[in-house]
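Report on the structure
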Amino acid sequence: VTIPKYVEVLEEKYKAKNVTLIPHGSFELPPLPSFDLPTGALQVMAFGKFGTYKKVEAMIEAVELIRSRTNLDMEIVVAGTDSPNTPGYLAGVEAKYKAVKQLRFTGYVEEEDVPKIFGESAVVVFPYTSTTGSSGVLHQAGSYGKPAIMPNLGDLAMLVKEEGYGGEFFEPDSVESLADAIQKVLENNEYRIKL
């Protein structure tokens, strides 16, 4: 299993004696990433399949809030597709926020384009309302040297610390908290690189 909590459950509740922890993302060591950013707008990116427990409205509204109080040049990038359980979700979001400037929906990201989409991002936002265990996107963000802006959800926060990641946390039900977290990282390049 990939999460220490699952080891405990299987051993304590089910009395299993043949459980091994293999942390997600531990199968290969990626090269040290570049922490440099491309010139132009700072890209605030979310990556995944959206619509169930991953919703991008708060991220869009948080960037708009930051824009109202700073001069940061930011582009919002929603990279990915609808969850199979929520067809049409992203089309609805795109229609609702069509007046928002510098908002880009990439659609499906081909495997060979994943390094580019992460490489161009200043931060990776995890606009989750709940978690389902370990996050592949978190490991991608880590391998590409991108700071994670994460909801302060018990399992996810614990997992981030256990797996050695740093992140800037926000309260999942607060656009203002999310805006503060994104702004804190974008306005402090040393802190961004440290994360």
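Residues numbered from 1 in each chain as written. Predicted model: local features only at pLDDT ≥ 70, side-chain atom pairs only at ≥ 80, totals over all residues. Heavy atoms only, no water.

1. Some points on the layout of surface pockets
Approximately 240 Å³ is the volume found for the second largest pocket. In terms of lining residues, the second largest pocket is bounded by 14 residues, among which Phe47, Gly48, Lys49, Tyr108 and Val109 are the most central. When residues of the lining of the second largest pocket are traced back to their parent elements, those giving at least two are β1 (42–50), β2 (74–82) and α5 (136–143). Split by residue class, the lining of the second largest pocket holds 6 nonpolar, 4 polar and 4 charged. (1 Å grid on protein atoms, 1.4 Å probe; cavity = no way out; pocket = protein on both sides within 12 Å on 5 of 7 lines; lining within 4 Å. Points joined across faces, edges and corners; volume = space filled by probe spheres on them. Helix = DSSP H or I, 4+ residues; strand = E, 2+ residues; numbered from the N terminus. Nonpolar A, V, L, I, M, F, W, Y, C, P; charged D, E, K, R; others polar.)

2. Here we look at the sheet that holds β2
Sheets are built from strands paired through backbone hydrogen bonds, the pairs being either parallel or antiparallel. Across the sheet, which stays open at both edges, the 6 strands sit in the order β3-β2-β1-β4-β5-β6 with parallel pairing between neighbours. Each edge of the sheet is formed by a strand with only one pairing partner; in this case those strands are β3 (103–107) and β6 (167–170). Strand-to-strand, the axes of this sheet are offset by a mean angle of 25 degrees, without reference to chain direction. For β1 and strand β4 (residues 121–125), the ladder comprises 3 bridges, and the chain directions are parallel. Looking across to β4, one finds that glutamine 43 is bridged to serine 121. Of the strands in this sheet, β1, β2, β3 and β4 are in contact with helix α2 (residues 57–69), which crosses β2 at around 175 degrees. Here helix α3 (residues 89–96) sits on the sheet and contacts β1, β2 and β3; the angle it forms with β2, its principal contact strand, is near 155 degrees. (Pairing = 2+ DSSP bridges. Axes fitted to C-alpha atoms, helices over the stretch in contact; angles between N-to-C directions. Contact = heavy atoms within 4.5 Å.)

3. Remarks on the pattern of salt bridges
A complete count under the given rule lists 5 salt bridges for this structure. For glutamate 75, the salt bridge is made with arginine 104, and the minimal N-O distance between the two is 2.9 Å. Taken together, the residues glutamate 75 in strand β2 and arginine 104 in strand β3 connect sequence positions 29 residues apart. Classification of arginine 104 by relative accessible area gives partly exposed; the value is 29%. Ionic pairing is found between lysine 184 and glutamate 168, a salt bridge with its closest N-O pair at 3.6 Å. With a gap of 16 residues between them, lysine 184 in helix α7 (residues 175–186) and glutamate 168 in strand β6 connect regions that are remote in the sequence. The partly exposed category is assigned to lysine 184, whose relative accessible area is 44%. Owing to a relative accessible area of 12%, glutamate 168 belongs among the buried residues under this scheme. (Salt bridge = Lys/Arg side-chain N within 4 Å of Asp/Glu carboxyl O. Buried < 20%, exposed > 50% of the residue type's maximum accessible area, 1.4 Å probe, protein only.)

4. Topic: α5
Every buried residue of α5 is accounted for by Val137, Leu138, His139 and Ala141. A positive backbone phi angle near 70 degrees is found at glycine 145, which sits one or two residues after α5.

5. A word on the nonpolar core
In terms of nonpolar packing, the biggest core is built from 32 residues, with Val44, Ile149 and Ile182 touching the most fellow members. Broken down by secondary-structure element, the contributors of at least two residues to this core are β1, α2, β2, α3, β3, β4 and α7. A per-element tally of this core places α7 first, with 6 residues. Listed in part, the 21 residues of the second largest apolar core include Val77, Val137, Ala141 and Leu156. (Core = buried A, V, L, I, M, F, W, Y, C linked by side-chain atoms within 4.5 Å.)

6. Comments concerning a negative patch on the surface
Judged by side-chain charge, Glu8, Glu11, Glu12 and Glu162 come together as a negatively charged surface patch. Here the element with the most residues in the negative patch is helix α1 (residues 4–12); it accounts for 3 residues. By the element assignment, glutamate 162 lies in helix α6 (residues 154–162). (Patch = residues over 30% accessible without salt bridge, like charges linked within 9 Å, V, L, I, M, F, W, Y side chains within 5 Å. Areas by Shrake-Rupley, 256 points an atom, 1.4 Å probe, with all protein chains shown as cover. Lys, Arg positive; Asp, Glu negative; His and termini not counted. Charge placed at Lys NZ, Arg CZ, Asp CG, Glu CD.)

That is the geometry; function is a separate question.
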